[in-house]
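Here's the letter readout for the chains.
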Amino acid sequence: MYSGFYTLASGILTRQNEIDVLGNNITNVKTPGYKTDRVETSAFEMELMVRMENGTPDVLGDGVGQVSSIIQDIHTIMDPGIIENTERELDVAINGDGFFNIRTQGGETAITKNGNFDLDEQGYLTLNGVGRVLGQNGEIYIGASGFKIGTDGAITSANGNYIDTLLINKPAEGITVEKIENSAFLIQNQGDLVAAESFTVIQGALESSNVDMNTELTKLIDVLREVGACFSVNNMLRAECYKQRMEKGL
């Protein structure tokens, strides 16, 4: 009986995390380049509980024959968003499989589809909250507005002088990235990136988030129903425990 509460708690915690992820998706529906997150859950039989130690399964003991769920992972859906024209000079979109490269304030490399750039006080092209945009020659210094970006990512000043070319690449197959703020992903090693081959750079446009509000709200309603079911089971378990204690005179 009491083990049933552990199973129930597992379900409630999983649902809470799903609500947090769905809420974050909905909050970022208007964030350029944002990619939808999903919670992956896996069912486990408490009849046979197993832990991994140094890569070897080790049986912990027998359970109560009930099934619950645990969070296995949170994965990101990397499908592209719609490219929308903004006519803003500092907005840049990539139509294709490439990502912008950003040097974070900690000196690390991040990649992003968010091209909602600005110029910092020193005149460098930046992504707010993340760092400076990288070109083939390092951090891109613009100096002032009035620049143009070609479809290949080449940047020229107002008088036609070449400045740099946007560094555009993508993670190698099987590489894991860490999601950080402002639709960016942290790369552990520069060698984890490979050249992007099929893309077009569009100045004066942004890639929208790939969040589908209808999908997120439908999933949120389903999760809330599951939470309600968990609390109904909780009340039933509490009532049964109370009944058993009364029968035993406790």
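Residues numbered from 1 in each chain as written. Predicted model: local features only at pLDDT ≥ 70, side-chain atom pairs only at ≥ 80, totals over all residues. Heavy atoms only, no water.

Chemist: I would appreciate a short explanation of the sheet that holds strand β14 (residues 154-156) in the present structure.
Modeler: Remark on secondary structure: sheet strands pair via backbone hydrogen bonds, oriented parallel or antiparallel. Strand order in this open sheet of three strands is β13-β14-β15, and the pairing throughout is antiparallel. At either margin of the open sheet sits one strand with a lone partner, and together these are β13 (148-149) and β15 (162-165). Examined bridge by bridge, β13 and β14 share two bridges and lie antiparallel to one another. Bridge pairing links Lys148 to Thr156 in β14. (Pairing = 2+ DSSP bridges. Helix = DSSP H or I, 4+ residues; strand = E, 2+ residues; numbered from the N terminus.)

Chemist: Please explain the confidence of the model for the chain as it appears in this structure.
Modeler: Detailed conclusions should not be drawn from predicted coordinates in areas where pLDDT is low. When pLDDT is averaged along the chain, the result is 81, and 73% of the positions lie at 70 or above. Taken together, the stretch residues 44-55 has pLDDT below 50 and engages in 33 contacts with residues farther than four places along the chain or on a different chain. Contacts for the low-pLDDT stretch residues 57-68, under 50 throughout, to residues beyond four places or in other chains number 38 contacts. (pLDDT = per-residue confidence, 0-100. Contact = heavy atoms within 4.5 Å.)

Chemist: Would you explain the packing of aromatic side chains in this entry?
Modeler: One pass over the structure, following the stated rule, counts two aromatic pairs. Arranged with centres 5.0 Å apart and planes meeting at 75 degrees, the rings of Phe100 and Phe117 form a pair that is edge-to-face. One end of the pair, Phe100, is in strand β7 (residues 99-104); the other, Phe117, is in the loop between β8 (109-112) and β9 (118-119), and 17 residues separate them in sequence. In terms of burial, Phe100 and Phe117 fall into one category: buried. Between Tyr124 and Tyr141, the aromatic rings sit 5.3 Å apart at their centres with planes inclined by 70 degrees, giving edge-to-face as the arrangement. Placement of the pair is Tyr124 in the loop between β9 and β10 (125-127) and Tyr141 in the loop between β12 (138-139) and β13, with a sequence separation of 17 residues. Here the basic side chain of Lys113 rests over the ring of Phe99, its NZ or CZ set 5.3 Å away from the ring centre. Here the basic side chain of Arg132 rests over the ring of Tyr124, its NZ or CZ set 3.9 Å away from the ring centre. (Phe/Tyr/Trp six-rings, centres within 6.5 Å; stacked < 30°, edge-to-face > 60°. Buried < 20%, exposed > 50% of the residue type's maximum accessible area, 1.4 Å probe, protein only. Lys NZ or Arg CZ within 6 Å of the ring centre and 35° of its normal.)

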